[in-house]
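Residues per chain, in single letters:
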Amino acid sequence: MALTGELFIAAKRVKRDGPGFKAIAAATGQEIEPSFSNATTEDLEAACAAAQAAFLPYSNLPREQRAAFLEAIASEIEALGDALVERAMQESGLPQARLTGERGRTAGQLRLFAKELRLGDYLRVRIDHAIPDRAPLPKPDLRLRMVPLGPVAVFGASNFPLAFSVAGGDTAAALAAGCPVVVKGHSAHPGTSEMVAGAILKAAEQTGMPEGVFSLVNGIGNEIGGALVSDPRIKAVGFTGSRGGGLALMKLAQARPVPIPVYAEMSSVNPVFLLPAALASRAEALGKAYVASVTMGAGQFCTNPGLVLAIEGPDLERFLETASEAMTGSAGATMLTPGIHKAYESGVAKLASAPALKLLAQGQEPTGPTCGRGALFTMTGADFIADPSHAEEVFGASSLLVRCADVEEMLKVVGLLEGQLTTTLHLDDADTEIAQRLVPVLEHLVGRILCNGWPTGVEVTDAIVHGGPFPSTSDGRSTSVGTLAIDRFVRPVSYQDLPEALLPAELREDTTTPRRVDGKPTV
């Protein structure tokens with residue numbers, strides 16, 4: 001399809017005169033045609049007004065119709081074929097196989113939310129019947145369900161141009177909840193965003209959705225994004241990006257006359273624990289797998305293993321020898337943008353200059369202007385305890401291993417860590433006692449605990465949590481992946497003594513929605 005550089009304001013495509021912007025090819029730094037429009041404040045006003053106008057009609061549609069809309073979006077994205085993957089490759093520098101898989105994940109999670117809508121479990125229906133003759137006071141009839149918040153602002157992520165962008169998890173969850181969405185497209189992949197936005201609008205037209213159910217605005221700089229979060233019609237925000245960006249949005253949202261929630265995924269180093277028996281039995285295999293995980297996708301995953309903890313000894317030396325050899329032989333990879341590459345180089349240089357840290361190995365010399373070179377550092381547990389700031393995320397293929405004197409020192413290090421998305425335990429049966437001490441601590445630190453695996457990669461299921469305590473996310477009670485992600489965009493409403501005719505369909509006596517009746521689960 002031919003790209004036009006237009007904005008998507010409700011059901012209309014809008015082209016703006018004046019200076020626009022172009023995508024930058026990640027691998028070469030060269031501009032890619034066409035020029036894309038910068039949204040104006042008038043465009044933003046129109047998008048938010050349309051979303052507000054669409055809210056009641058859209059949220060009151062039968063769940064089956066919203067489910068059909070989500071499935072239609074998935075089908076239209078798939079219908080874009082290879083052209084979508086090719087454009088995303090140009091803009092992001094990510095390989096074809098990775099983006100093909102990401103396209104499948106994007107369509108899959110849309111269909112997963114359609115399934116959740118049909119089930120209706122997310123509504124958490126509760127019915128407590130009246131007891132008129134209860135003494136000393138009658139008990140009223142009470143019924144509860146979840147209702148959508150209102151229009152949602154979604155910010156596209158740089159590192160997932162499909163799965164965390166225009167039709168990604170935040171958009172899918174908000175649309176499933178019954179919330180219209182205004183997306184602020186990421187300036188690194190505007191062509192990919194335009195193609196996906198076109199698929200969403202085509203699906204909306206096919207399924208008869210209200211015109212303002214979706215809009216896409218673009219803009220260089222922070223002005224449009226800030227204005228979007230500050231608009232009084234926006235009721236929640238979904239964001240994946242840097243800690244600085246997330247904190248800025250949170251500050252804007254809290255400064256509003258009516259504050260709103262910002263669900264921001266921001267920063268995580270995803271600590272990995274190499275427990276003694278596991279290290280003794282497979283140090284070399286762990287060393288190779290570790291470097292493969294660190295360098296995957298140039299390290300540009302929010303679940304990249306940026307911190308490893310292990311206990312000093314000959315088995316750790318075997319691990320480090322293998323990991324250093326693997327890192328030295330690892331090829332660099334194109335990073336998403338020149339800005340991300342520059343920040344990564346700066347972060348690695350900062351670590352290399354720290355007196356307490358030792359640079360063990362680096363990957364092969366870069367082969368392009370935005371090629372990221374892997375780096376492996378180490379330090380002692382005592383030095384980490386003296387200055388835990390070294391655990392700050394460096395977004396890219398860099399990782400720090402902390403050499404602990406013993407289990408007690410390892411636990412002290414854990415006590416200094418910030419909130420994380422994931423943690424991983426590599427263990428054998430003989431490590432169970434140590435693991436039993438770690439797990440109760442770690443479950444208050446992270447959103448997902450893995451065993452004998454690597455954190456890169458997120459399975460989209462009902463049981464997944466992709467979130468964690470601050471600063472990994474702004475709200476550790478939520479997830480941005482899986483069907484529980486819908487909870488971010490709904491709130492509970494209780495109905496007391498309403499006549500049947502006024503009750504929502506899910507709360508009437510003949511409802512087939514999963515529910516709890518008088519304290520007992522019922523289907």
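Position numbers for residues count from 1 along each chain, tracking the sequence in the order it is written. Under the rules for a predicted model, residues below a pLDDT of 70 receive no local features and side-chain atom pairs below 80 are neither given nor counted, while totals for whole chains, interfaces and linings still include all residues. Only heavy atoms go into the side-chain values, all of them from the structure, while hydrogens and water stay out.

As annotated in an unreviewed UniProt entry, the chain carries the name 2,5-dioxovalerate dehydrogenase and comes from Sphingomonas xinjiangensis. Here the chain is described in UniProt, under the heading Sequence similarities (unreviewed entry), as follows: "Belongs to the aldehyde dehydrogenase family." UniProt positions are given in the numbering used here, feature names are shortened, and annotations may be inferred rather than shown by experiment.

Draft legend 1. Main features of the UniProt feature "domain: Aldehyde dehydrogenase" (unreviewed entry) in the chain. Within this numbering scheme, the UniProt entry marks residues 21-426 as carrying the feature "domain: Aldehyde dehydrogenase" (unreviewed entry). For helices the rule is a DSSP run of H or I covering at least 4 residues; for strands it is a run of E covering at least 2, with both sets numbered from the N terminus onward. Between the first and last C-alpha atoms of residues 21-426 the distance is 47 Å; the span itself is 45% helix and 19% strand.

Draft legend 2. A look at the packing of aromatic side chains. Here a pair means two rings of Phe, Tyr or Trp (six-membered ring of Trp) with centres within 6.5 Å. Their orientation is stacked below 30 degrees between planes, edge-to-face above 60, and tilted elsewhere. Under the criterion given, the structure shown has 8 aromatic pairs. Consider the rings of Phe21 and Phe36, whose centres lie 6.0 Å apart with planes at 35°: the pair is tilted. Taken together, the residues Phe21 in strand β3 (residues 21-24) and Phe36 in strand β4 (residues 31-36) connect sequence positions 15 residues apart. With respect to class, Phe21 is no different from Phe36; both count as buried. Here the aromatic cluster, defined as three or more aromatic residues joined through ring pairs, consists of Phe160, Phe164 and Phe301. In this scheme, a residue with accessible area under 20% of its type's maximum is buried, one over 50% is exposed, and one in between is partly exposed, where area comes from a 1.4 Å probe on protein chains only.

Draft legend 3. Inspection of helix α13 (residues 407-414) at higher detail. With respect to burial, α13 is a largely interior element, 6 of its 8 residues being buried. A contact between two residues is defined here by any heavy atoms of the two lying within 4.5 Å. As for α13, its buried residues are in contact with β12 (272-274), β13 (307-311), α12 (381-386), β18 (398-404) and α14 (432-442). Any N or O atom pair separated by 3.5 Å or less is treated as a polar contact, with the protein-specific requirement of one donor-capable and one acceptor-capable atom, and with residues adjacent in sequence counted only for side-chain atom pairs. Of the residues that open α13, the one with a side-chain oxygen 3.2 Å from the backbone nitrogen of Glu408 is Asp406.

Draft legend 4. Here's a closer look at helix α11 (residues 338-353). The terminal C-alpha atoms of α11 lie 23 Å apart, and with 16 residues this matches the ideal 22 Å at 1.5 Å per residue to within 8%. Regarding α11, the residues found buried are Ile340, His341, Tyr344, Gly347, Val348 and Leu351. All buried residues of α11 lie within an arc of 125° about the axis, which places them on one face of the element. Facing away from the buried surface of α11 by more than 90 degrees, the exposed residues are Lys342, Lys350 and Ser353. A helix is expected to span 1.5 Å for every residue after the first. The reported arc concerns the directions from the helix axis to the C-beta atoms and nothing else.

Draft legend 5. Structural context of the layout of surface pockets. A pocket here means an open set of points on a 1 Å grid, computed over the protein atoms alone, that has protein on both sides within 12 Å along at least five of seven lines. A cavity is instead a set of points where a 1.4 Å probe fits but cannot get out; residues with an atom within 4 Å of a point line either one. Grid points are joined across faces, edges and corners, and a volume is the space filled by probe spheres set on the points. Taken as a whole, the largest pocket spans an internal volume of roughly 1300 Å³. What lines the largest pocket is a set of 49 residues, and nearest its centre among them are Ser158, His186, Phe239, Gly241 and Ser242. For the lining of the largest pocket, the elements supplying multiple residues, two or more each, are β3, α7 (223-230), β10 (236-240), α8 (243-255) and α11. Classification convention: Asp, Glu, Lys, Arg as charged; Ala, Val, Leu, Ile, Met, Phe, Trp, Tyr, Cys, Pro as nonpolar; all other residues, Gly among them, as polar. Class assignment for the residues of the lining of the largest pocket results in 20 nonpolar, 22 polar and 7 charged. Delimitation of the domains relies on an automatic or database domain assignment. When we break the lining of the largest pocket down by domain, the ones giving at least three residues each are domain 1 (7-12 + 35-266 + 475-491) and domain 2 (271-451). Lining the second largest pocket are 24 residues, with Ser59, Asn60, Arg66, Arg145 and Glu506 positioned closest to its centre. Sorting the residues of the lining of the second largest pocket by element identifies α1 (41-59), α2 (63-79), β6 (142-148) and β21 (490-496) as the ones contributing at least two each. Examining the composition of the lining of the second largest pocket, we find that 4 residues originate from one element, β6, more than from any other. When the residues that make up the lining of the second largest pocket are grouped by side-chain class, the tally is 13 nonpolar, 6 polar and 5 charged.

Draft legend 6. Fine view of the pairing of strand β8 (residues 181-184). Residues Val181 and Val183 of β8 are buried on one face, and the alternating residues Val182 and Lys184, pointing to the opposite face, are buried as well. In this analysis, strands are considered paired if DSSP registers two or more bridges between them. Sheet analysis places strand β7 (residues 152-155) next to β8, joined by 4 bridges and oriented parallel. Residue pairing across strands places Val152 opposite Val181, the latter belonging to β8. The β-α-β motif built from β7, the intervening helix α5 (residues 169-177) and the parallel element β8 has right-handed crossover chirality. Note: β8 against strand β9 (residues 214-217), 4 bridges, orientation parallel. Bridging across to β9, Val181 finds its partner in Phe214. Between β8 and its parallel partner β9, the chain crosses via helix α6 (residues 190-206), and the hand of that crossover is right-handed. Seen with its strands pointing away from the viewer, a crossover is right-handed if its path from the first strand over the helix to the second goes clockwise.

Draft legend 7. Structural detail: the pattern of salt bridges. Note on definitions: salt bridges are taken to be side-chain nitrogens of Lys or Arg within 4 Å of carboxyl oxygens of Asp or Glu. Applying the stated criterion across every chain, the model contains 27 salt bridges. In this structure, Arg233 engages Glu45 in a salt bridge whose closest nitrogen and oxygen atoms are separated by 2.8 Å. Placement of Arg233 in the loop between α7 and β10 and of Glu45 in helix α1 is noted, with a sequence separation of 188 residues between them. The closest approach of N and O atoms between Glu509 and Arg143, which form a salt bridge, is 2.6 Å. One end of the pair, Glu509, is in the loop between β21 and β22 (515-517); the other, Arg143, is in strand β6, with 366 residues separating them in the sequence.

Draft legend 8. Representation of empty space enclosed by the protein in the model. Tallying each qualifying case throughout the model produces 4 cavities of 30 Å³ or more. Estimated volume of the largest cavity: approximately 130 Å³. Looking at the largest cavity, it is lined by 18 residues, and the ones nearest its centre are Val269, Gly306, Glu393, Val394 and Ser398. Split into classes, the residues belonging to the lining of the largest cavity amount to 8 nonpolar, 8 polar and 2 charged. The volume enclosed by the second largest cavity comes to roughly 70 Å³. Along the wall of the second largest cavity there are 13 residues; nearest its centre are Tyr263, Ala264, Glu265, Thr473 and Ser480. The element best represented in the lining of the second largest cavity is strand β11 (residues 262-265), accounting for 3 residues.

Draft legend 9. Local environment of the domain arrangement of the chain. Each assigned domain of the chain is listed here: domain 1 (7-12 + 35-266 + 475-491) and domain 2 (271-451). Relative to domain 2, the C-alpha centre of domain 1 lies at a distance of 33 Å. The interface is formed by 12 residues belonging to domain 1 together with 12 residues belonging to domain 2. What gets called buried area is simply the loss in accessible area from a 1.4 Å probe that two parts show on being joined, summed for both. For the pair domain 1 and domain 2, the summed buried area comes to about 890 Å², and 56% of that belongs to carbon and sulfur atoms. When the area that domain 1 buries against domain 2 is broken down by residue, the three leading residues are Asn159, Arg243 and Glu265, summing to 39%.

Draft legend 10. Local environment of the sheet that holds strand β5 (residues 125-128). An order of β21-β6-β5-β22-β23 is seen for the 5 strands of this open sheet, with the pairing classed as mixed. Edge positions in the open sheet fall to β21 and β23 (520-522), since each of these has one partner strand only. In this sheet, neighbouring strand axes are inclined to one another by 25° on average, regardless of whether the strands run parallel or antiparallel. Two strands pair when backbone bridges link them, and β6 and β21 are joined in this way by 7 bridges, in the antiparallel orientation. For Leu144, the partnering residue across the bridge sits in β21 and is Ser494. Inter-axis angles, ranging from 0 to 180 degrees, are taken between N-to-C directions of lines fitted to C-alpha atoms, where helices are fitted over the stretch in contact.

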